[in-house]
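Fold and geometry: a report
What follows is the residue order along each chain.
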Amino acid sequence: MIAQDLIQLDIIPVNTSDTVASALQKMEELGFVHWPIVEEGLYEGLLSEDLALDNDENTIIENLRHQLIHSSVKSDRHLTDAMRKYGEERVSILPVVNSDNHFLGYLLPQDILRSFGQTFGLQAPGSVLVLEVNPYDYAMSQIAQIVESNDAKILTSYIEADSDRQKYIVTIRVNYTDLSAIIASFRRYDYTIVDAWHENRYERDLKQKFDQFMSYLNMSRTHLLRSFPSALSRSL
């Protein structure tokens, strides 16, 4: 998915010939702390609320041009580029521009995260398993085969290189909430399990017994409170 697919079109950028007050008003209306600045349709940068408040409200934005934040993403770039820019530049909105640097709209971080969740199956029930693999031993086909031998499926995977240790860190999301059998299979193939986030059968049974115990305590407490007055009256 690319930036164009999630673009928002509901704001009008401020021109460099406008005042700081006009930008602050728009920020306040929508609750943003940055606002896009353009000149004849070309994107010039983001004006931050902090910078605007540090200047007189009648200041012409042209005079602040050199202090604008030059953060944007091309409309044909993948959303991973947009997410990286959000992480690096810490802006509240990310302007989207075309190849000629014309302002097209903007992206919001929550829309990008929601899209990632849908794309990588994060909204579906499942668990996460992190493996450490030697580069010469890495084979995604074998990892998938081990998972599928336990009647499970890989929803998504992510690979990163640990240059310090000369290892691959492989993160997989599986459509099972209990990874016990899958973990055992990987260990039989001498895979190193770095971490796992799942709910195994022991944890489920323990939680069920705890809930039953708490229910019993609540019922016992209710029975005791109901019987106490009559017992007290008999003793009197």
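Residues numbered from 1 in each chain as written. Predicted model: local features only at pLDDT ≥ 70, side-chain atom pairs only at ≥ 80, totals over all residues. Heavy atoms only, no water.

This next bit is on unusual backbone geometry. Even without a glycine there, the phi angle at Glu 40 is positive, about 55°. Judged by its relative accessible area of 74%, Glu 40 falls in the exposed class. At Arg 90, a residue that is not glycine, the phi angle is positive and equals roughly 55°. Checked against the element boundaries, Arg 90 lands in the loop between helix 3 (79-89) and strand 5 (94-97). (Buried < 20%, exposed > 50% of the residue type's maximum accessible area, 1.4 Å probe, protein only. Helix = DSSP H or I, 4+ residues; strand = E, 2+ residues; numbered from the N terminus.)

Bringing the pattern of salt bridges into the picture now. On inspection of all chains with the given rule, the structure shows 6 salt bridges. Between Arg 65 and Glu 39 there is a salt bridge; the shortest N-O distance is 2.5 Å. Separated by 26 residues along the polypeptide, Arg 65 in the loop between helix 2 (49-53) and strand 4 (73-74) and Glu 39 in strand 2 (residues 34-39) bring together distant segments of the chain. Judged by its relative accessible area of 25%, Arg 65 falls in the partly exposed class. Glu 39 gets classed as partly exposed once you look at its relative accessible area, which sits at 31%. Measuring nitrogen to oxygen at the nearest pair gives 3.3 Å for the salt bridge that ties Arg 84 to Glu 88. Highlighted residues: Arg 84 and Glu 88, both in helix 3, separated by 4 residues, approximately one helical turn. With a relative accessible area of 52%, Glu 88 lands in the exposed category. It is possible to trace a salt-bridge network through shared partners that takes in Glu 39, Glu 44, Glu 62 and Arg 65. (Salt bridge = Lys/Arg side-chain N within 4 Å of Asp/Glu carboxyl O.)

Here helix 5 (residues 140-148) crosses helix 6 (residues 180-188) at 135°, and the two axes come no closer than 9 Å. Judged on the interaxial angle alone, helix 6 and helix 5 are oblique. Both helix 5 and helix 6 take part in a crossing whose hand is right-handed. Contacts between helix 5 and helix 6 involve Ile 143, Ile 146 and Val 147 on the former and, on the latter, Ile 182, Ser 185 and Phe 186. Tallied by class, residues from the contact of helix 5 with helix 6 come to 5 nonpolar, 1 polar and no charged. (Axes fitted to C-alpha atoms, helices over the stretch in contact; angles between N-to-C directions. Parallel < 35°, antiparallel > 145°, perpendicular 65-115°, else oblique. Left-handed = near helix turned anticlockwise from the far one by under 90°. Contact = heavy atoms within 4.5 Å. Nonpolar A, V, L, I, M, F, W, Y, C, P; charged D, E, K, R; others polar.)

Attention now goes to the sheet that holds strand 6 (residues 103-107). Pairing within the open sheet is mixed, and its 3 strands lie in the order 4-5-6. Single-partner strands in this sheet number two, and they are strand 4 and strand 6. When strand 5 meets strand 6, the two strands line up antiparallel, connected through 4 bridges. From the neighbouring strand, Leu 94 faces strand 6, where its bridge partner is Leu 107. (Pairing = 2+ DSSP bridges.)

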